[in-house]
Amino acid sequence: MKKPKWVVEKEQAKKAAAAETVWLFGLHAVRDALENPNRVKLRLMVTLNARDKLAEAIAAAGIEPEIVDPRRFSAPIDPGSVHQGAALEVKPLDWGRLEDVCVGREVPRVILLDRVTDPHNVGAILRSAEVLGASAVIGTRHHSAPETGALAKTASGALERQPYLRVRNLAEAIVELQNMGYLVLGLDGEADETIEAALVGRRDRAVALVLGAEGPGLRQKTKETVDKLVKIDAAGGFGSLNVSNAAAIALYASREH
Ligand SMILES: C[S@@+](CC[C@H](N)C(=O)[O-])C[C@H]1O[C@@H](n2cnc3c(N)ncnc32)[C@H](O)[C@@H]1O
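Residues numbered from 1 in each chain as written. Predicted model: local features only at pLDDT ≥ 70, side-chain atom pairs only at ≥ 80, totals over all residues. Heavy atoms only, no water.

- The protein chain is annotated in an unreviewed UniProt entry as 23S rRNA (Guanosine2251-2'-O)-methyltransferase of Ruegeria marina.

## So, the site of the ligand
- In the neighbourhood of the ligand, 17 residues make up the surrounding shell, with Leu-187, Gly-212, Gly-215, Ile-232 and Leu-241 lying closest.
- Note that a nitrogen atom of the ligand is positioned 3.1 Å from one of the backbone N or O atoms of Gly-215.
- Here the ligand loses 82% of its free accessible area of 560 Å² to cover by the protein chains.
- Those elements that provide at least two residues to the shell around the ligand are strand S10 (207-212), strand S11 (228-231) and helix H11 (243-254).
- Taken together, the residues of the shell around the ligand sort by class into nine nonpolar, five polar and three charged. (Near = heavy atom within 4 Å. Polar contact = N/O pair within 3.5 Å; in protein donor to acceptor, adjacent residues only side chain to side chain. Areas by Shrake-Rupley, 256 points an atom, 1.4 Å probe, with all protein chains shown as cover. Helix = DSSP H or I, 4+ residues; strand = E, 2+ residues; numbered from the N terminus. Nonpolar A, V, L, I, M, F, W, Y, C, P; charged D, E, K, R; others polar.)

## Digging into the pairing of strand S4 (residues 86-90)
- For S4, a buried count of five out of five residues is recorded, marking the element as mostly surrounded by other parts of the structure.
- Inspection of the sheet shows strand S1 (residues 22-25) paired to S4 by four bridges, in the antiparallel sense. Looking at S4, one finds that Trp-23 is bridged to Glu-89.
- Of the strand pairs in this sheet, strand S2 (residues 41-46) and S4 are connected by five bridges, and their pairing is antiparallel. By the bridge assignment for S4, Met-45 is matched with Ala-87. (Buried < 20%, exposed > 50% of the residue type's maximum accessible area, 1.4 Å probe, protein only. Pairing = 2+ DSSP bridges.)

## Re the sheet that holds strand S9 (residues 193-194)
- The parallel open sheet is built from seven strands, whose spatial order is S7-S6-S5-S10-S8-S11-S9. Since the sheet does not close on itself, it has two edges, and those belong to strand S7 (164-167) and S9, each with one partner.
- Inspection of the sheet shows strand S5 (residues 109-114) paired to strand S6 (residues 136-140) by three bridges, in the parallel sense. Bridge pairing links Val-110 to Ala-136 in S6.
- Across the sheet, helix H8 (residues 170-179) is in contact with S5, S6, S7, strand S8 (183-187) and S10; its angle to S5 comes to roughly 160 degrees.
- Here H11 sits on the sheet and contacts S5, S8 and S10; the angle it forms with S10, its principal contact strand, is near 160 degrees. (Contact = heavy atoms within 4.5 Å. Axes fitted to C-alpha atoms, helices over the stretch in contact; angles between N-to-C directions.)

## Quick word on the pattern of salt bridges
- Counted under the stated rule, the structure contains twelve salt bridges.
- Note that Glu-66 is salt-bridged to Arg-43, the shortest N-O span being 2.9 Å. On the criterion of sequence distance, the pair formed by Glu-66 in strand S3 (residues 66-67) and Arg-43 in strand S2 is long-range, its members being 23 residues apart.
- Assessed through its relative accessible area of 35%, Arg-43 is described here as partly exposed.
- Among the ionic pairs, Glu-193 bridges to Lys-228, the shortest N-O distance being 3.0 Å. Placement of the pair is Glu-193 in strand S9 and Lys-228 in strand S11, with a sequence separation of 35 residues. (Salt bridge = Lys/Arg side-chain N within 4 Å of Asp/Glu carboxyl O.)

Structure representation (structure tokens):
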């Protein structure tokens with residue numbers, strides 16, 4: 001019996017967390033990784049059709065592709081995935097330390113994820129973070145989505161450009177950001193104050209936005225460590241947003257308008 005997609009993704013994430021290499025797939029994700037000079041590329045598998053579509057990027061990367069019959073493409077990547085005839089084995093990117101990616105921009109915005117495990121959500125957050133000009137997305141080393149093909153595909157190239165760091169301890173990272181001068185806001189649908197109200201007169205400050213996991217939301221320790229809990233005002237008065245939608249809205253609301 002075919003395994004459900006979420007089971008396959010969970011297994012992949014477990015393997016990716018332990019493995020030294022990752023398979024990226026899909027034309028967009030593979031092209032952007034091929035074009036990234038900082039990416040260590042190990043093996044490229046393509047159909048003839050995909051090779052033609054990726055010709056420029058393949059030439060620029062100087063990698064010899066292995067041509068694969070489209071009907072036999074499943075190995076070594078997840079058979080259920082939409083690979084579009086292209087898969088690239090890479091080493092995960094190394095973005096360095098928190099202080100390397102969270103300083104340097106004039107008015108930085110950073111997103112922190114408190115155990116967000118769904119690779120599609122993290123991929124979508126990376127994509128929004130890049131579009132909306134965030135400096136970095138920070139997750140936790142354990143219990144958060146590692147770099148996988150599914151994440152890269154949803155990020156649609158943003159994984160190559162948007163720093164994605166996974167730290168050992170989120171509360172410590174929050175304190176580190178506070179020491180760097182960041183105002184750290186925890187996003188919580190039950191908070192009393194809106195994000196807009198919390199930012200009145202503070203838009204020129206560096207801001208970090210902390211979002212919670214799909215089921216449990218922010219952990220108690222995270223709630224106690226942030227400077228303030230804020231909500232995105234829900235017009236309907238009930239229900240919560242998907243975490244990637246909440247991240248995009250919060251990021252947009254926190255910008256210097
Ligand atoms: C699906 S929600 C989790 C819902 C969870 N039951 C809770 O109590 O927070 C995932 C994350 O998205 C963010 N979020 C969703 N809706 C929000 C809202 N209206 N205001 C602020 N943050 C929200 C929060 O960070 C939340 O932890």
